[in-house]
Amino acid sequence: MDKNNQQQIQPTSSSDSQNESIPDMGGGFPVLKYWAENTLSPEGFKIWKTLFHKSACLSCSWGTGGQKGGFTNEEGEKLQRCMKSVEAIASEIQPAIKTNFFEQRSIKELQQLTSREADRLGRWSFPVILSQGSSHYQRIGWDEIYQLAETAFKITPERVASYSSGRSSNEAAFLLQLMMRTLGSNNLADCSDLCHAPSTFGLKQIFGTGTSMVSLKSLQQTDCVVLAGSNASYNHPRLMNELIKLRERGGKVIVINPVKERGLVKFASPAFPIKSLLTGSEIASLYLQPIPGSDVALFIGIQKSLIEHQKINREFLQAYTENWSEVISDVCSISWETITETCGISQIEIEAAADIIASSPKVVFAWAMGITQQQNGVDNVSSIANTALITGNVGRLGAGLMPVRGHSNVQGFGSMGVTVRLKKEIQQSLEKLLGRSLSRLPGYDTQALIEAADEGKVDTLICVGGNLYGANPNSQKVKRALGKIKTIIYLATKPNLGHFHGLAQRQTIIIPVLNRFENPHKTTVESGNNFVRLNDQGQTHLKNADLIAEVDFLTELAYRLHGEHPVNWRKLQDTKYVRELISQTIPGFEKMANIDETKEEFTIGGRIFNQPHFPTPSGKAVMFVTPLPQLTLPQPQDFGVTNYTRGVVVALMTGRSYAQHNTVVYQVKDPYRGMSHRNCILMNRLDAESVGLQEHQRVTVRGNASQLENIEIIYGAIRPGAALMFYPEVNVIFNPPKESRCGTPAFKRVPVLVYL
Ligand SMILES: Nc1nc2c(c(=O)[nH]1)N[C@H]1C(S)=C(S)[C@@H](COP(=O)(O)OP(=O)(O)OC[C@H]3O[C@@H](n4cnc5c(=O)[nH]c(N)nc54)[C@H](O)[C@@H]3O)O[C@H]1N2
Ligand SMILES: Nc1nc2c(c(=O)[nH]1)N[C@H]1C(S)=C(S)[C@@H](COP(=O)(O)OP(=O)(O)OC[C@H]3O[C@@H](n4cnc5c(=O)[nH]c(N)nc54)[C@H](O)[C@@H]3O)O[C@H]1N2
Ligand code: SF4
Ligand SMILES: [Mo]
C-alpha cells in the first residue's frame, strides 16, 4: 500500500490553519448576520414574502415549507428555515437580464465569467438562441422555438436525450419522462446519476425499495445517528437541529468523515437562540476520520467488533434477512490489520464506534456524497446496511437507513420515473396509459450520455434545469461532447456556465422558466424523507418578462410531437390532471389525486418501515458481501513529472464550499474551513511539509486530465493523505473511474499531484 495511505497519525485541531478568523463552531452568528443583511436589504420584502409563500424550500432535500407555512416542517415544528433557503431565494429574486444584454456581450466574453458572475447576471427573462456561426445569443420568438424543437425531436428516438436536475416539480418531471418515453427514448439522464444513484441501487437490491426508510418522526425517536460522508452543517442545516436535540436527550452521534468539519463537531443553531446559538451544541460524540474511499473497511471493522463481542442480533438476522451467514463469515475472515490499514482508523476507535452502536437501543444510519461518489459506492451503502441489519436496526421506529438526498426534488424526479432504471410497476402502468409497449432499450445515464454524445450518437438534448457541463468531471471532454449534439434546449431560471460552455453544434436554445414559487399553477415536490409537499401558485417579480412554466413548455412540445391521443397533452397544462395521472401510475402516490381539494400533504405509502418486512420476493432483507476497496495512490512520476519535482500525491475529495449550491457559487469564501477563496486546497500540514511545501504557498494541482495552477495551500483538520477542493472549478482536472453498477463518478477520491 502507498505510503500516503499508511499514515496512521490522526489529525488534531493543532494541524488546523492558524487563521484566527475561522469560527470555532458551525452555524452561529455569521448565519444570523447573513439573514439580517438579506432580509433587511432593499430586497428584504421580497425575501420575506417568498419565505411565507406556501411552497417548499427550493434548496435541499431535507424539506420544509409547503401548506403548513414557510417555516414549518412536516411535524408542525416552527423555525425550520435555514440561511441556505434565503441564499437560494435571494438568487431567484434578482432582476431580469436586460433585453439588449446579449447584443453587447459575445459568447467569448460570456465564457470568461466565473460561476458566481454568471449567476449574478440576473434571471433569464426572454428566450434566446445561439446558432451555428453566430457570436452572440439572440432573442427568439416562441413559434420559431417550437418549430425548431419539433424538427429536432422528430428523429430516431435513440438519438434524443434529456438531462434534468431535481429542482423542478413532480408534474414537470412526470411530463418529461412521459414525453420522452412516448417518443420511444429511455435516455433520461438525471443529476441523481451523479449523486445518490448508489443509494437507490444499493437499497433497492437489499430492501426492494430505494429511498430513506426513516421519517422525521422516526428520526426524532432515535438514540444514535451514524452520519457518514455528509457535511450536513453546510448542506442540510436543519438536520443539525435533530442532532442537537438527540444529544440533548442523551443520545450519541458518530461522525465518519476524513475532514473534521467544524459544524459536525459543534454547531450553533439559530433555531435554539438560548440553548445553542450562544455557546454552540456538541454534535459528534465520536469523530472518525477514515482514508477517503475506505468506508467499507471501517464498517466491516465495526461489524467485526460487534461479532467478536457477541453483540449481533442473530434472531433478527435469522427471521428477517437472507445471506447473513455469508456476510458474517466474510467479516470474520478479514484480519484487524487489513481493516485498520485499509481505513486508517485504529482498532480502539473502531471498537468505540461499535460499542456506541451496540449500546444504543435505536440507531439511524445516515449518509451522503462521501459514501456514494466512490468507485465502490454501492458496496459502501451495502456495508452500512449490513451494520444496521446485524444489530437489528431496521424496520422499527427510531431506527433505519437514511440517505440524505441532494436537490429539493431530486427524489421526486426518481419517483416520477425520470430514471434509466424504471420500476416494473411504473412501466406497466405507463404502457396501459399509452396503450402500447415502451422501448426496452437501455437508456443513457448522465455519464453514458456524455460518452454517447462524444461518439456522435446524440442529436437532440433537452435539459430541464441543472448544469450538465459544470456538474460532470473532465470539463473539456464534456464541452467537446456537447458540441457534437445538434440541438440543445436548456430550460433554466438563471444563467450558469453550462449555458456558455455547453454549446450545441447547430443551435443552443435557452427557455426562461418560472420557479417553484412563481408558477401559475400548483405543483408538488417530494423530500428525501418521502414527504410530498404542495406548492401554491404564485407570481414572478419580473415585469414584462417573457417566461414560461416548465409544464406549459413540455406539454406544448409534447402536443406538437404526439398530438392529442392517447394523452391529451394540452389538458395537462392544468397540473391537476397531471396529478391525477401520477396517482394512477406511480405507486404510493394515490393521495395525489385529491390533494388539490384536501391540501393534505402526505408521506408516500410503502416507504417508511416500522416493521422488518420488506418488498423483496421473500419479504426479507437480502444482505451482500462487501469486498474491501483497493486503495493505492499513484506515484508522482505517474503524473508525468520528473524525479526532481517537489510534490505529494493525495486523494482529493471534491465537493461543496460553505456558500454554493452545486455548480452555482453564491459567495467565494468558505469561512469555516479557513478557505478565503475558491482556488484553495485543504491539506494536512504533514503532507505539505513532507515535501517542503508550506501553508499559503501557491502550487499546481494535477489530475489525470489536466491541472490547475496558482492554488493556495490551506492547512486543515483533514487526515494525512487526503485533500479537499471545490467543484465545479476542479472538474476540469480529472477523469474519474465510475461506480460500475450505476455510473456515478468517484468525485470523492481523485488522485492528484500537488507540486511546485
Ligand atoms: N447549501 C447547499 N446545500 C446543498 C447543496 C449545495 O451545494 N449547497 N447540494 C445539494 C446536493 S445536490 C447534495 S447531493 C447534497 C450534498 O451534501 P454533502 O454530501 O454533505 O456534500 P459534499 O460537500 O459533496 O460532501 C460531503 C462530505 O463528504 C466527506 N467525504 C469525502 N470523502 C469521503 C469518504 O471517503 N468517506 C466519508 N465518510 N466522507 C467523505 C467530505 O469531507 C464532506 O464533508 O447537498 C444538497 N444540499
Ligand atoms: N466534482 C464534483 N462534481 C459534482 C459533485 C461533487 O460533489 N463533486 N456533485 C454532483 C451532484 S451530487 C450533483 S446533484 C450535481 C448537480 O448538478 P446539476 O443539478 O446539474 O447542477 P446545479 O448546479 O444544481 O444546477 C443549477 C442550475 O439549475 C437551474 N435551475 C434552478 N432552479 C430551476 C428550476 O426551478 N427550473 C429549471 N428549469 N432550472 C432551474 C439554474 O439555471 C441553475 O443555474 O453535480 C455533481 N457534480
Ligand atoms: S435544511 Fe434544506 S430544506 Fe430546510 S430550510 Fe435549509 S435548505 Fe431548506
Ligand atoms: Mo446531489
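Residues numbered from 1 in each chain as written. Chains lettered and ligands numbered in written order. Predicted model: local features only at pLDDT ≥ 70, side-chain atom pairs only at ≥ 80, totals over all residues. Heavy atoms only, no water.

### A word on the overall build of the chain
Along the chain, the regular secondary structure elements total 32 helices and 28 strands. In terms of C-alpha radius of gyration, the chain reaches 25 Å, essentially the compact-globule figure of 27 Å for 756 residues. Taking contacts inside the chain between residues at least 6 apart in sequence as the whole, the part at least 24 apart equals 77%. A total of about 26000 Å² of accessible surface is found on the chain, and carbon and sulfur atoms cover 51% of it. With 77 positive and 70 negative side-chain charges, the chain shows a separation of 2 Å between the mean positions of the two kinds. (Helix = DSSP H or I, 4+ residues; strand = E, 2+ residues; numbered from the N terminus. Rg over C-alpha atoms; globule rule 2.2 N^0.38 Å. Contact = heavy atoms within 4.5 Å. Areas by Shrake-Rupley, 256 points an atom, 1.4 Å probe, with all protein chains shown as cover. Lys, Arg positive; Asp, Glu negative; His and termini not counted. Charge placed at Lys NZ, Arg CZ, Asp CG, Glu CD.)

### Some words on the site of ligand 1
Close to ligand 1 lie 30 residues; Glu261, Gly293, Arg656, Gln660 and Asn662 are nearest. Asn257 is positioned such that a nitrogen or oxygen atom in its side chain is 2.7 Å from an oxygen atom of ligand 1. Bound to the protein, ligand 1 loses 98% of the 920 Å² it would expose on its own. Considering only residue class, the shell around ligand 1 consists of 10 nonpolar, 15 polar and 5 charged. (Near = heavy atom within 4 Å. Polar contact = N/O pair within 3.5 Å; in protein donor to acceptor, adjacent residues only side chain to side chain. Nonpolar A, V, L, I, M, F, W, Y, C, P; charged D, E, K, R; others polar.)

### Structural notes on the sheet that holds strand E4 (residues 160–164)
One open sheet holds the 7 strands; their spatial order is E3-E2-E16-E15-E14-E4-E5, and the pairing between them is mixed. Whereas interior strands pair on both sides, the edge strands pair on one side only; in this sheet they are strand E3 (138–139) and strand E5 (188–190). Alignment of E4 against strand E14 (residues 460–464), held across 5 bridges, turns out to be parallel. The residue bridging Val160 from the neighbouring strand is Thr460, located in E14. Sitting on the sheet, helix H25 (residues 446–454) touches E4, E5 and E14, and the angle it makes with E4 is about 140°. (Pairing = 2+ DSSP bridges. Axes fitted to C-alpha atoms, helices over the stretch in contact; angles between N-to-C directions.)

### Re the site of ligand 2
Close contacts around ligand 2 come from 33 residues, with Tyr163, Lys494, Glu550, Thr663 and Asn731 the closest. Protein contact buries 98% of the 930 Å² of open area that ligand 2 shows by itself. Counting only elements with at least two residues in the shell around ligand 2, the list comes to strand E15 (487–492) and strand E21 (647–655). Across the shell around ligand 2, the residue classes break down as 13 nonpolar, 15 polar and 5 charged.

### Description of the pattern of salt bridges
All told, the structure shown has 38 salt bridges when counted by the stated rule. As a salt-bridge pair, Lys245 and Glu242 come within 3.4 Å of each other at their nearest N and O atoms. Note that Lys245 and Glu242 are positioned in helix H13 (residues 237–248) at a spacing of 3 residues, about one turn of the helix. Classification of Glu242 by relative accessible area gives buried; the value is 4%. Salt bridges sharing common partners tie together Glu92, Arg123, Arg167 and Glu518. (Salt bridge = Lys/Arg side-chain N within 4 Å of Asp/Glu carboxyl O. Buried < 20%, exposed > 50% of the residue type's maximum accessible area, 1.4 Å probe, protein only.)

### Examining the side chain of His499
The residue His499 is located in helix H28 (residues 497–501) in this model. Using a relative accessible area of 1% as the deciding quantity, one classes His499 as buried. In this structure, His499 is in contact with Ile107, Trp124, Tyr137, Tyr490, Ala492, Lys494 and Ile510, ignoring residues within four places of it in sequence.

### Some thoughts on the packing of aromatic side chains
Two aromatic rings, taken as a pair, are described by how far apart their centres are and by the angle between their planes. For the structure on display, the rule yields 21 aromatic pairs. Between Phe734 and Phe747, the aromatic rings sit 6.3 Å apart at their centres with planes inclined by 90°, giving edge-to-face as the arrangement. Pair noted here: Phe734 is in the loop between strand E27 (722–726) and strand E28 (750–755) and Phe747 is in the loop between E27 and E28, with a separation of 13 residues, a long-range link. Residue Phe734 is classed as buried on the basis of its relative accessible area of 1%. Members of the aromatic cluster, joined through ring pairs, are Phe101, Phe102, Trp124, Phe126, Tyr137 and Phe500. A cation over a ring is seen here: Lys84 above Tyr658, with NZ or CZ 3.8 Å from the ring centre. Here the basic side chain of Lys260 rests over the ring of Tyr287, its NZ or CZ set 5.9 Å away from the ring centre. (Phe/Tyr/Trp six-rings, centres within 6.5 Å; stacked < 30°, edge-to-face > 60°. Lys NZ or Arg CZ within 6 Å of the ring centre and 35° of its normal.)

### Side note on unusual backbone geometry
Glycine aside, residues mostly have negative phi, and peptide bonds are mostly found in the trans state. Here the residue pair His565 and Pro566 is connected by a cis peptide bond, since its omega of 0° sits within 30 degrees of zero. Unlike most non-glycine residues, Asn544 shows phi in positive territory, near 55°. With respect to the element layout, Asn544 can be found in the loop between strand E18 (531–535) and helix H29 (550–562). Here Asn710, not a glycine, exhibits a phi torsion of approximately 60°, which is positive. One can find Asn710 in strand E26 (residues 707–715).

### A look at the packing of H25 against helix H27 (residues 475–482)
Following both chains from N to C, one finds H25 and H27 inclined at 60°, their axes separated by 7 Å at the closest point. Considering their axes alone, H25 and H27 lie oblique with respect to each other. Crossing angle aside, the handedness with which H25 passes H27 is left-handed. On H27, the residues that touch Ile450, Glu451, Ala453 and Asp454 of H25 are Lys477, Val478, Arg480 and Ala481. A per-class count over the contact of H25 with H27 returns 4 nonpolar, no polar and 4 charged. (Parallel < 35°, antiparallel > 145°, perpendicular 65-115°, else oblique. Left-handed = near helix turned anticlockwise from the far one by under 90°.)

### A short note on the domain arrangement of the chain
The assigned domain composition of the chain is domain 1 (3–23 + 632–755) and domain 2 (101–109 + 123–195 + 409–419 + 430–603). The distance between the C-alpha centroids of domain 1 and domain 2 comes to 35 Å. Counting residues at the interface gives 18 residues for domain 1 and 15 residues for domain 2. Between domain 1 and domain 2 lies a buried interface of about 1300 Å² when both sides are counted; carbon and sulfur atoms form 51% of it. Inspection of the domain 1/domain 2 interface yields 0 salt bridges. (Domains from an automatic or database assignment. Buried area = accessible area lost by both parts, 1.4 Å probe.)

### Some points on the sheet that holds strand E12 (residues 363–367)
Pairing is parallel across the open sheet formed by 5 strands, whose spatial order is E10-E7-E6-E12-E13. The sheet terminates laterally at strand E10 (286–288) and strand E13 (400–403), the two strands that pair on one side only. Within the sheet, the average angular offset between the axes of one strand and its neighbour, ignoring direction, is 15°. Note that strand E6 (residues 224–228) and E12 share 5 bridges and pair parallel. The partner of Val225 across the bridge, within E12, is Val364. Against the sheet, helix H22 (residues 377–390) engages E12 and E13, with an angle of about 175° to E12.

### With respect to the packing of helix H24 (residues 424–434) against helix H30 (residues 575–585)
Two numbers describe how H24 lies on H30: the axes approach to 9 Å, and their chain directions differ by 125°. By the angle between their directions, the pair H24 and H30 is classed as oblique. Across from Ile426, Ser429, Leu430 and Leu433 in H24, the residues of H30 making contact are Leu581, Gln584 and Thr585. Partitioned by chemical class, the residues of the contact of H24 with H30 number 4 nonpolar, 3 polar and no charged.

### Structural notes on the state of the cysteines
For the structure shown, the criterion picks out 0 disulfides. Cys332 carries a free sulfur, and the closest cysteine sulfur to it, the one in Cys343, is 17 Å from it. Cys332 sits in the partly exposed class, given a relative accessible area of 42%. (Disulfide = S-S within 2.5 Å.)

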